[in-house]
Amino acid sequence: MDVGIVDSYLIETTSAVNHKLEQLVPIQRFPHKLIYEAARYALLAPGKRIRPVLLLATSELFDVKQKSAITAACAFEMIHAYSLIHDDLPCMDNDDFRRGRPTLHRFYSEAIALLAGDFLLTHAFYCISHDEEINANQKIALIQLISQSAGGDGMIGGQLLDISVHKPDLLMLENLHSRKTGALIQAAIVGGAILGNVNQEQINSLAQLGKKLGLAFQIIDDILDVTASVEKHGRIVSTDAINAKTTYVTLLGLDQAKVAAKEAIEHCYAILDELPNKSFHLRSIVKKIASQFNS
Ligand code: GRG
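The following paragraphs examine the structure supplied in this document.

About the thresholds
Residues numbered from 1 in each chain as written. Predicted model: local features only at pLDDT ≥ 70, side-chain atom pairs only at ≥ 80, totals over all residues. Heavy atoms only, no water. Near = heavy atom within 4 Å. Polar contact = N/O pair within 3.5 Å; in protein donor to acceptor, adjacent residues only side chain to side chain. Areas by Shrake-Rupley, 256 points an atom, 1.4 Å probe, with all protein chains shown as cover. Helix = DSSP H or I, 4+ residues; strand = E, 2+ residues; numbered from the N terminus. Core = buried A, V, L, I, M, F, W, Y, C linked by side-chain atoms within 4.5 Å. Buried < 20%, exposed > 50% of the residue type's maximum accessible area, 1.4 Å probe, protein only.

Brief notes about the site of the ligand
Taken together, 18 residues form the shell around the ligand, and within it K48, R51, H80, D87 and R99 come nearest. A distance of 2.8 Å is found between an oxygen atom of the ligand and a side-chain nitrogen or oxygen belonging to R51. The contact in question runs from an oxygen atom of the ligand to an N or O atom on the side chain of H80, over 2.8 Å. For the ligand, whose accessible area on its own is 710 Å², the fraction buried by protein is 89%. If one sorts the elements of the shell around the ligand by residue count, helix α4 (residues 66–88) sits on top with 6 residues.

What follows is the structure in structure tokens.
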């Protein structure tokens, strides 16, 4: 596949997402304008926009126009940005940098970071419920999907496992990540299918694709934590190791982690092959995620 075509699709969709995010969280003149300013600082910082792009590429499979899916796509990025803001707080990971900038609580304050995260979480639902491009049934289905995937049985539950389970085994690590990172990635894909009004059978296979892609995404993140440090420093300066984190690499070893990532990616391609619709862009995103590590 031509990498140039893949990249130009990603550039076009991420820039459409960024443009819409700017509109959905505008600069304000209210006395409380700081909450918008802080939310924009985190939300508009350079990120990969993987979740909104997945939603757009999935909805496109079912001929949904970008303008009808873009608000829902942005809602996923808002939820993701909120989770990063809260994850970086001193009571969680206590991180100083995110997306190449000081974390929100370092740049502003903990109180502002907490409120900006709360605002983005709430605003995601505000934006979906006020979107004039989608119908009432789709709104309810998206709200149910997002609240479930980001809620107590999804991302928040995964975060709880992450901060409370000491030295998880492989089964627990998979459980933790399928909730913490996998659930929202999976939901972004299912969200695209909801906008396409597809049948339950297709939703199920796309949910399966999201599950495998979420798994691959996390294993690759763990691999990159080790390999990127070797490339940069000539030795392992793994942040996961510094933080004594259990990862796919610490449990499986680097080579087997690569095998596991490759298997998850192959599974994604197999699901894509079975879809009745041509999935050129969705396939290219899977390929892009896979291309981050050397198999
Ligand atoms: C605090 C409620 C709460 C939840 C936090 C998702 C999460 C739960 C924390 C994220 C922490 C983290 C670094 C997880 C590993 C997975 C990962 C690489 C997330 C970052 O997502 P990317 O790579 O980030 O899509 P960008 O910046 O590109 O959007």
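Moving on, there is more to tell.
Quick word on the nonpolar core
Formed by 92 residues in total, the largest nonpolar core has its most connected members in L54, M78, L120, L206 and I285. Looking at this core element by element, the count peaks at 12 residues for α4.

Notes on helix α2 (residues 33–43)
In terms of residue burial, α2 counts as a mostly covered element, since 8 of its 11 residues are buried. Of all the residues in α2, the buried ones are I35, Y36, A38, A39, R40, Y41, A42 and L43.

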